Amino acid sequence: MTATLWQPASGCGDRCRPGAGPRATRWAAGLRVAAVFGVLLTGLLPAMLGGAMPRALARALLAVLGVRLVVRGPAPRPGSLLVANHISWTDILALVAVTPTSLVAKHDVRAWPAVGELAGRIGTIFVDRTRPRALPATVGEVAAALRAGRSVAVFPEGTTYCGAERGDFRPAFFQAAIDAGAPVVPTSISYDTTEASFIGEDTLLESIRRIARVRRTTITVITAPALRPVPGADRRALARAAQRSLAGHGYRLAA
C-alpha cells in the first residue's frame, strides 16, 4: 500500500466556500463560539462517564452553533458499522447525536483541546495514517468492538471533501464488518452550506468561527438499509456496494 493510497488528498479548498448566504450578526457569532466552549467545559466530565451523555453533548454543541439536524432512514441496530461520507468535524457530532456509536478518527484529533480528551474517553478508535503497517491492528480493534455489540462509525473516503466533490470509499475497514459478521449501514451526510466544510489547512477554531457566522446550518443524515456481508465477502465489492447505495439518498458518486 503506497503512501498516496493510504493518505488520500482532497482537491477541495477555499474556492469551495464562497461565503455566500445569510450571515449571523457579529454578536450572535461571537456568542455561539463562546457557547461552544461553555458546553464543552460543563459537559466534558459527565460525557466521560458514558451512557447517554455523549449524545446529549453532541446535540448541545450542534444547537449552540446554530446547526439544525435532520435525520432520515432506519435506525442502525447495535453492533453495526456505519460508513459515511466526510465533510467536516461536525459530521462526528451528527453521527453521535443520531445513534450511540464509537468512531474511527485520525490520530490528530487526540491533540484537539477538550475534544481529543472526550473522544478518547468515549471509545474512539484512532487511526494513524502516517503508519500504514498499523492498519491491520486498527481494523482488528473495529472488528472487536462490533463483536462486542458496539456500533462503530467510519469515514472510508479517508479525508474530508466539500460536499460537491467526493472520494472513493476505501475498503480496509469493511473487512472489520466481514470478520465480525456485522451489518454495514451506508450513511449520507449533507449540508445546506459549504461553509461547514473542514478542508485544506483549516484549524478547529477557524472552522468553529466560520460555522458560527452562518445564520443557520442544516445537516441531513440519511441511513440506507443495512448491507449484510456473508463470510468471506470481498471488502472491495462491499465498499463499492455501500457507496452506490447512497446514490439515491442525496449523495453523488465521485466522477
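Residues numbered from 1 in each chain as written. Predicted model: local features only at pLDDT ≥ 70, side-chain atom pairs only at ≥ 80, totals over all residues. Heavy atoms only, no water.

Peer 1: Go over the sheet that holds strand 6 (residues 184–191), please, and point to the residues and values.
Peer 2: Pairing within the open sheet is mixed, and its seven strands lie in the order 1-7-6-2-5-3-4. Two strands in the sheet have a free side with no partner beyond their single neighbour: strand 1 (67–72) and strand 4 (125–127). Pairwise comparison of adjacent strand axes, ignoring direction, gives a mean angle of 25° for this sheet. Pairing analysis gives four bridges linking strand 2 (residues 81–84) to strand 6, with the strands arranged parallel. By the bridge assignment for strand 6, L82 is matched with V185. (Pairing = 2+ DSSP bridges. Helix = DSSP H or I, 4+ residues; strand = E, 2+ residues; numbered from the N terminus. Axes fitted to C-alpha atoms, helices over the stretch in contact; angles between N-to-C directions.)

Peer 1: Tell me about the nonpolar core, residues and numbers included.
Peer 2: Counting residues in each nonpolar core, the largest one holds 35 residues, and the members touching the most others are L65, W89, L95, I189 and I219. Of all elements in the fold, only helix 2 (26–48), helix 3 (53–64), strand 2, helix 4 (90–98), strand 6, helix 8 (204–212) and strand 7 (217–223) reach the threshold of two or more residues within this core. The leading source of residues in this core is helix 4, at six residues. (Core = buried A, V, L, I, M, F, W, Y, C linked by side-chain atoms within 4.5 Å. Buried < 20%, exposed > 50% of the residue type's maximum accessible area, 1.4 Å probe, protein only.)

Peer 1: Could you give an account of the pattern of salt bridges, naming the residues involved and the relevant values?
Peer 2: Scanning the model with the defined rule gives two salt bridges in all. Across the pair R23 and E195 runs a salt bridge, and its minimum N-O distance is 4.0 Å. Of this pair, R23 sits in the loop between helix 1 (3–6) and helix 2 while E195 is found in the loop between strand 6 and helix 8, placing the two residues 172 residues apart along the sequence. A salt bridge links D202 to R210; its shortest N-O distance comes to 3.6 Å. This pair shows no difference in class: D202 is buried, exactly as R210 is. (Salt bridge = Lys/Arg side-chain N within 4 Å of Asp/Glu carboxyl O.)

Peer 1: Give a detailed account of the packing of helix 3 against helix 4, specifying residues and quantitative values.
Peer 2: Helix-helix packing is characterised by the crossing angle of the two axes and by the distance between the axes. At a minimum axis distance of 8 Å, the contact between helix 3 and helix 4 shows a crossing angle of 130°. Taken as axis vectors, helix 3 and helix 4 run oblique relative to one another. Judged by the twist between their axes, the crossing of helix 3 over helix 4 is left-handed. Residues P54, R55, A58, R59, L61 and L62 of helix 3 form the contact with helix 4, whose participating residues are L93, A94, V96, A97 and V98. Along the lines of polarity and charge, the residues of the contact of helix 3 with helix 4 split into nine nonpolar, no polar and two charged. (Parallel < 35°, antiparallel > 145°, perpendicular 65-115°, else oblique. Left-handed = near helix turned anticlockwise from the far one by under 90°. Contact = heavy atoms within 4.5 Å. Nonpolar A, V, L, I, M, F, W, Y, C, P; charged D, E, K, R; others polar.)

Peer 1: Now, about the side chain of T193: what can you tell me, with residues and values included?
Peer 2: Along the polypeptide, T193 turns up in the loop between strand 6 and helix 8. Once you skip the residues sitting within four places of it in the chain, T193 turns out to touch V214 and T217.

Peer 1: Explain the pairing of strand 6 to me, and be specific about the residues and the numbers.
Peer 2: Summarising burial for strand 6: seven of the eight residues are buried, a large majority. One ladder, built from five bridges, connects strand 6 with strand 7; its direction is antiparallel. Its bridge partner being in strand 7, T187 is matched across the sheet by T223.

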